[in-house]
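# Chain and residue survey
As a plain string of letters, each chain reads:
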Amino acid sequence: MEIKQLRSQRPRAWSAILAQEPEMAGITVTRVTREKVSPRLTRFTLDLAGHQDPITLIGKETDATEARFYQEIAPRLPFLTPRCWFSYVDGPQSWVVLDEVMVARPPARWLPGDAAAVMQGLAALHVEFWDREDLLDQVAWLENPLEGLALDERYLVRRRVLEQRAYYAALDVAVALSDHAIWSSGRLAPYFLHAAAAVAFLRQRGGWPGVLTLSDLDAAADLLDDPVPLLYSLRDQPLTLQHGAPFNHHWQVTPFNNACLLDWQQISAGPGVVDLVHLVEQFNWLLTDGGAMLPRSMPIASEETLIDSYILHLAAELGPLCDTRTLRQSIPAGRCFHLLAYWLPRLTDWLVEARRQGHTLSVMSDEQLQAAGLAPWVALKPQLAATINRFVAAAKML
């Protein structure tokens, strides 16, 4: 079946994909209409012969990782993902056709029961692949960023690190990351070097008032220079499938109080605690249409409640296979990893882009940020400051 036949709304092509399911055999699509939902999502409405009500499916423009996920992995997760009717893998031009998920409430209106459903959904994902390297190894393209480097990878990583250092030197940012740190980090070395650039950039300016002190930057620099305690704690955890970005806006809670997880472009193999911390750290912050992160008007669940919900579900499903004590002890490492591998690399990108525009974010007041069209940074500062405080406390526990 050609993708252009589906996109051009040919009823015969849509009848063919429905016929993949036994309960839809013999169903004929008589007409297809389309509606753009977002830049990457299109709703297709299918009229069916002999049926009064149409059905709707979602076409999503995506990348090869997510398209392959729906081909090879999603069939094991019917409780968490929408049914995929068609998956076309073609690099950044990949495309999938999914069931449309009916949403009960957006994240801004979640109730405590919704929070529990989301945490149990994340736990159920990890349970399915918990310590199942036999399953994870079957997915040839699935990476484990925490793995050490094979001999044939060392040259490629070393070359990338040298290219990055030259790039930062051209920006007059002296990034210091020892060879010990690079080889200890393995596949994470380019990410940690990118994180170290944010540290160096802000150190030159005396920190970022109200967000990052020089002491905070020193703590991040120390951990980047010797990441072994952090990585040891994470590598000691059982492998599972990581979503990679299980934030609020990637979850949908259905009218039946089931949680559905979308946007699988960042999946990898790794310890579940990394996903857990990603979600918990961001849970009480909401993504606006303009891309800003704003706090909930009222938190719906405490951090400890969220973590307990996740761990209790793991324990119930895995029994003695899940060492809950060791899992809890790995949470500080997960928090540190969240800052080093998620926040600081993004902070480097934002600082460099602002510099190209003639702005120095770390010395601008909120009023100046607003006037320069950088309003999302005003909302971001409290979230980042809170994350930094938790990072510093966690680093002391490693």
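These remarks concern the structure in this document. (Residues numbered from 1 in each chain as written. Predicted model: local features only at pLDDT ≥ 70, side-chain atom pairs only at ≥ 80, totals over all residues. Heavy atoms only, no water.)

## As for the nonpolar core
Just so we agree on the cut-off: In these notes, a set of buried Ala, Val, Leu, Ile, Met, Phe, Trp, Tyr and Cys residues joined through side-chain atoms within 4.5 Å is what counts as a nonpolar core. Burial classes follow relative accessibility: with a 1.4 Å probe on protein chains only, a residue under 20% of its type's maximum area counts as buried, one over 50% as exposed, and anything between as partly exposed. For helices the rule is a DSSP run of H or I covering at least 4 residues; for strands it is a run of E covering at least 2, with both sets numbered from the N terminus onward. Contact between two residues is taken to exist if any of their heavy atoms lie within 4.5 Å; hydrogens are not considered.
Of all hydrophobic cores here, the largest spans 115 residues; its most connected members are Leu230, Trp264, Tyr310, Leu340 and Leu347. The element that contributes the greatest number of residues to this core is helix 14 (residues 331-356), accounting for 14 residues. Sequence-distant contacts of Leu347, that is, excluding residues within four places in its chain, are made with Ala198, Leu202, Trp208, Leu212, Trp377 and Leu384. Core analysis: the next-biggest nonpolar cluster, separate from the first, contains 18 residues, Ala13, Trp85, Phe86 and Val97 among them.

## Quick notes on the sheet that holds strand 5 (residues 94-99)
Convention followed: Pairs of strands are assigned from DSSP output, requiring at least two bridges between the strands. Fitted lines through C-alpha atoms serve as axes, helices being fitted only where they are in contact, and the angles separating the N-to-C directions of these axes extend from 0 to 180 degrees.
Taken together, the 5 strands give an open sheet; going across it, the order is 1-2-3-5-4, and neighbouring strands pair in antiparallel fashion. Each having just a single partner strand, strand 1 (29-38) and strand 4 (84-88) make up the two edges of the open sheet. Put simply, the sheet's adjacent strands are angled 20° from each other on average, direction ignored. Relative to strand 2 (residues 41-48), strand 1 runs antiparallel, the two being bridged by 8 bridges. When the sheet's bridge partners are listed, Arg31 is paired in strand 2 with Asp47. The sheet contacts of helix 2 (residues 11-18) involve strand 1, strand 2, strand 3 (55-62), strand 4 and strand 5, and relative to strand 1 the element is tilted by about 90°. Along the sheet face, helix 3 (residues 64-72) touches strand 3, strand 4 and strand 5 and points at about 45° away from the line of strand 5.

## Observations regarding the packing of helix 14 against helix 16 (residues 375-395)
As a reminder of what qualifies: Crossing chirality is assigned from the near helix's rotation relative to the far helix, an anticlockwise turn below a right angle marking it left-handed and a clockwise turn marking it right-handed. Gly counts as polar in this scheme, as do all residues outside two lists: the nonpolar Ala, Val, Leu, Ile, Met, Phe, Trp, Tyr, Cys and Pro, and the charged Asp, Glu, Lys and Arg.
In the contact formed by helix 14 and helix 16, the axes pass within 9 Å of each other and the chain directions differ by 145°. The chirality of how helix 14 crosses helix 16 is left-handed. Packed against helix 14, whose contacting residues are Pro332, Arg335, Cys336, His338, Leu339, Leu340, Trp343, Leu347 and Trp350, the element helix 16 presents Trp377, Leu380, Gln383, Leu384, Thr387, Ile388, Arg390, Phe391, Ala394 and Ala395 at the interface. Here the residues of the contact of helix 14 with helix 16 are counted per class, giving 14 nonpolar, 3 polar and 2 charged.

## So, unusual backbone geometry
One non-glycine residue with positive phi stands out, namely Asn257, at about 65°. For Asn257, the location among the structural elements is in the loop between strand 7 (251-253) and strand 8 (259-261). Here the phi dihedral of Asp263 falls at roughly 60°; this positive angle occurs in a residue that is not glycine. Examined against the element boundaries, Asp263 turns out to sit in the loop between strand 8 and strand 9 (268-271). With relative accessibility at 22%, the residue Asp263 sits in the partly exposed group.

## Looking at the environment of Ser87
What counts here: Nitrogen and oxygen atoms within 3.5 Å of one another constitute a polar contact, given that in protein one can donate a hydrogen and the other can accept it, and given that sequence-neighbouring residues count only through two side-chain atoms.
Relative to the assigned elements, Ser87 resides in strand 4. When the C-alpha atoms of Ser87 and Val97 are compared, they prove to be 6.6 Å apart, with 10 residues separating the residues in sequence. Setting aside residues up to four positions removed in sequence, Ser87 forms contacts with Ala67, Gln71, Trp95 and Val96. There is a polar contact of 2.7 Å between the side chain of Ser87 and the backbone oxygen of Ala67.

## Some details on helix 12 (residues 303-318)
The condition is simple: Here the expected span of a helix is defined as 1.5 Å times the quantity of residues minus one.
Taking 1.5 Å per residue as the helical rise, helix 12 with its 16 residues ought to reach 22 Å, and the 23 Å between its terminal C-alpha atoms agrees with that figure. For helix 12, the complete set of buried residues consists of Leu306, Ile307, Ser309, Tyr310, Ile311, Leu314 and Leu318. Each element contacted by the buried residues of helix 12 is listed here: helix 4 (112-129), helix 11 (272-282), helix 13 (324-329) and helix 14. Positive phi shows up at Gly319, right after helix 12, with a value of about 60°.

## Notes on the side chain of Thr240
As for its placement among the helices and strands, Thr240 is situated in strand 6 (residues 239-242). The buried category is assigned to Thr240, whose relative accessible area is 0%. For Thr240, the contacting residues outside a window of four places in its chain are Leu125, His126, Phe129, Trp130, Leu136, Ser268, Ala269, Gly270, Pro271 and Gly272.

Shape descriptors only; they carry no functional weight alone.
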